[in-house]
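Breakdown of the fold
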Amino acid sequence: MQGCQVGTKPRHWLTLISGMLECLGFAGVVFGYASLVFVLKEDRYFSELCNNDTDSNSTLIETDCSRQDEQFSLIFTIASFLNNFLSLINGFLFDRFGTMVTRLLAILLYTTGTLLVAFSSAASSLLLFPALSCIAVGGILLLMTNMQVGNLFAAHRSTIITLYNGAFDSSSAVFLIIKFLYEQGVSLHSSFLALSLCSVAHLARTFLLMPRTHIPYPLPQCYTYGVNCGQSNSYNVEQLERTREAKMRLALDSSEKEETMRSDEKEMENAEKVSSFRSCVLSWFFLWHLLWFSIMQLRHYLFIGTLNSRLSRLARNDADLVSQYTNAFAMTQLCGVVCAPWNGLILDRHKGRPRAAGETEHDADLRSSYLSLFLTSLQCLLFSVCASIPLLSLQYLTFILQVLNRSFLYGGNAAFLSIAFPSCHFGKLYGLVMALSALISLLQYPCFALVKGALHGDPFYVDVSLSLLTFLVFIHPVYIFIYCRRKAHSRENIPLTEAHLDPRLVQAKL
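What you see is a predicted model; the values in this text were computed from it and never measured.

Definitions and cut-offs
- Residues numbered from 1 in each chain as written.
- Predicted model: local features only at pLDDT ≥ 70, side-chain atom pairs only at ≥ 80, totals over all residues.
- Heavy atoms only, no water.
- Helix = DSSP H or I, 4+ residues; strand = E, 2+ residues; numbered from the N terminus.
- Contact = heavy atoms within 4.5 Å.
- Polar contact = N/O pair within 3.5 Å; in protein donor to acceptor, adjacent residues only side chain to side chain.
- Axes fitted to C-alpha atoms, helices over the stretch in contact; angles between N-to-C directions.
- Parallel < 35°, antiparallel > 145°, perpendicular 65-115°, else oblique.
- Left-handed = near helix turned anticlockwise from the far one by under 90°.
- Nonpolar A, V, L, I, M, F, W, Y, C, P; charged D, E, K, R; others polar.
- Phe/Tyr/Trp six-rings, centres within 6.5 Å; stacked < 30°, edge-to-face > 60°.
- Buried < 20%, exposed > 50% of the residue type's maximum accessible area, 1.4 Å probe, protein only.
- Lys NZ or Arg CZ within 6 Å of the ring centre and 35° of its normal.
- Core = buried A, V, L, I, M, F, W, Y, C linked by side-chain atoms within 4.5 Å.
- Patch = residues over 30% accessible without salt bridge, like charges linked within 9 Å, V, L, I, M, F, W, Y side chains within 5 Å.
- Areas by Shrake-Rupley, 256 points an atom, 1.4 Å probe, with all protein chains shown as cover.
- Salt bridge = Lys/Arg side-chain N within 4 Å of Asp/Glu carboxyl O.
- pLDDT = per-residue confidence, 0-100.

In this structure, Ser120 sits in the loop between helix 7 (99-118) and helix 8 (128-146). Linking Ser120 and Tyr45, residues 75 residues apart in sequence, is a C-alpha distance of 9.4 Å. If we skip the residues at most four places from it in the chain, Ser120 touches Tyr45, Leu127 and Leu128. Looking at Ser120, its side chain comes within polar contact range of the side chain of Tyr45, at 2.8 Å.

Structure, rendered in structure tokens:
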């Protein structure tokens, strides 16, 4: 046991830093697809769909290649949809088979996708459909397996989770780098071949710096993982939670009378139901959180999907001005890794401070979350309002609010799920939120059709409607606030010995 403790802290930090680099360089590159499209067009992918209009000036080239643009848009639509929707299956896979199996699948998908792009050409443009989908799904799997690294640093758990999600957002700049390299003479084939070779580093990290199953929370003493630490493979999150509950039952058995024991046994039976996956999904926590996440994600997807046409309209089809604002938007995405930890600091602000009498760590974590949820909701409202105002210069502020809110949104989503629900269900719940929100995000297509059709390309009324819809997201932080206040009052009537137990054993009484 003493031998396993040697080098534990350095290993934790190496795992944290390497995971950060992995998310920053690979996990969310698909969301930088707009930069990749410029390169693909230069290499004449789907160029056969362009109709040359000899009677028109060069300013109408974009209109002439509308069918080509539709194909590129469809590739991203399918990839982003699968990125979210398949997270449900990926979550079950992660919870059932553990980290190693999930990461091996992620590496296989990611490598397949990058190789398909590397060996594709204008004659085989259709390879982009499976390629970008594989890259998207493999990337989200890498993120999912990395977020548990926060369990190694209990005092900064939410900060690390949000940091990884911010790195996921900022990784969209990788395709921008590929675009810059292409302009310097580096071919698309060489860039994606280099991304494929990086899978060797992913494999090494899987076997050397990641557990075979899961990293439990709270972290047991002398917990180890990686090579030469086979003991780590014996840790199972579900088994640990069952062990904790068994210890709590023993504590109750030894400290209370027989009459109290009977009532406590009923409470434990109820707690078993509360902690089940089904009860988590049917709880108000999950339902309000799903609504909160889905509405804001829909707002972001519609904004990104209509950005080019929006800028073209505001710039009066000035190609240079549109390019300037498009590059500004791409550059702001790099700030996601800087903005996301702010949300984690808000969530972890109570760590190390004395808790109220009878308040558990779970209660304190939940109490800190409603401020984060409220700020994220407020950011989305401000972002939506700015996006609705048809003023070109204002879009710089819109870009800043967009990247700030997006980094808060995805990091806050993962952090809240890790706080509010048992860790043994994290993968399934995370995947379910992403899958259901992907279905809701399909509403962007009727919205897009409405803008292109009845509204003649003017998104103003759709933007205003979505801004009004955004007010619904404030229900979630208000509900959490009211719940925490009620629970704080109810703790005054709960014996101290019981209040210090797992909150799920108390929740049935509330």
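Still more ground to cover, so stick around.
In this section: the packing of helix 9 (residues 157-170) against helix 19 (residues 336-347). Here helix 9 crosses helix 19 at 160°, and the two axes come no closer than 7 Å. Classed by the angle they form, the pair helix 9 and helix 19 counts as roughly antiparallel. In the packing of helix 9 onto helix 19, the handedness of the crossing is right-handed. Contact with helix 9, carried on its side by Ser158, Thr159, Thr162, Leu163, Gly166, Ala167 and Ser170, involves Gly336, Val337, Ala340, Pro341, Asn343, Gly344, Leu345 and Leu347 of helix 19 and no other residues of that element. In the contact of helix 9 with helix 19, the residues fall into seven nonpolar, eight polar and no charged.

We now examine the packing of aromatic side chains. Here the structure, examined in full by the defined rule, presents 22 aromatic pairs. With a centroid separation of 5.0 Å and an interplanar angle of 90°, the aromatic rings of Tyr370 and Phe481 are classed as edge-to-face. In this pair, Tyr370 is assigned in helix 20 (residues 361-388) and Phe481 in helix 25 (residues 475-491), connecting sequence segments 111 residues apart. A relative accessible area of 32% means that Phe481 is categorised as partly exposed. By the ring-pair criterion, three or more aromatic residues cluster together here, those being Phe285, Phe416, Tyr479 and Tyr483. Lys428 extends its terminal NZ or CZ atom over the ring of Phe277, reaching a point 5.7 Å from the ring centre.

With that settled, consider the nonpolar core. Grouped together as the largest cluster of nonpolar side chains are 91 residues, with contacts concentrated most on Leu132, Phe192 and Tyr430. With twelve residues, the single largest contributor to this core is helix 8. In this structure Phe192 touches Leu36, Thr114, Val117, Ala118, Ile135, Phe175 and Ile178, once residues within four positions along its chain are discounted. Within the second largest apolar cluster, 14 residues are counted, among which are Leu307, Ala315, Tyr325 and Phe399.

Within helix 3 (residues 33-42), the full set of buried residues consists of Tyr33, Ser35, Leu36, Val37, Val39 and Leu40. Two residues or fewer after helix 3 comes Arg44, characterised by a positive phi angle close to 65°.

Running from N to C, helix 6 (residues 87-97) and helix 22 (residues 426-441) point in directions that differ by 175°, and their axes come no closer than 7 Å. Relative to helix 22, the element helix 6 is oriented roughly antiparallel. Residues Ser87, Leu88, Gly91, Phe92, Phe94 and Asp95 of helix 6 touch helix 22, and the partners they reach there are Phe426, Gly427, Lys428, Gly431, Leu432, Met434 and Ala435. Residue composition of the contact of helix 6 with helix 22, grouped by class: seven nonpolar, four polar and two charged.

A contiguous nonpolar patch, built from Phe460, Tyr461, Val464, Leu468 and Phe471 and spanning about 510 Å² of accessible area, is present on the exposed surface. Along the chain, the position of Val464 falls in helix 24 (residues 460-469).

To continue, consider the side chain of Asn343. Relative to the assigned elements, Asn343 resides in helix 19. For Asn343, a relative accessible area of 0% gives the class buried. Only 3.1 Å separates the side chain of Asn343 from the backbone oxygen of Phe408, close enough to count as a polar contact. Excluding residues within four positions of it along the chain, Asn343 makes contact with Thr162, Ser372, Thr376, Phe408, Gly411 and Gly412.

The next subject is the confidence of the model for the protein. Taken residue by residue, the protein gives an average pLDDT of 79. The fraction at 70 or more is 82%. Within the protein, the element-level pLDDT minimum falls on helix 14 (residues 258-274), averaging 43, and the maximum on helix 7, averaging 93. Throughout residues 56-63 the model reports pLDDT below 50, and contacts reaching past four residues in sequence, or to other chains, amount to two contacts. Scored below 50 in pLDDT, residues 255-274 makes 22 contacts in the model with residues more than four places away or belonging to other chains.

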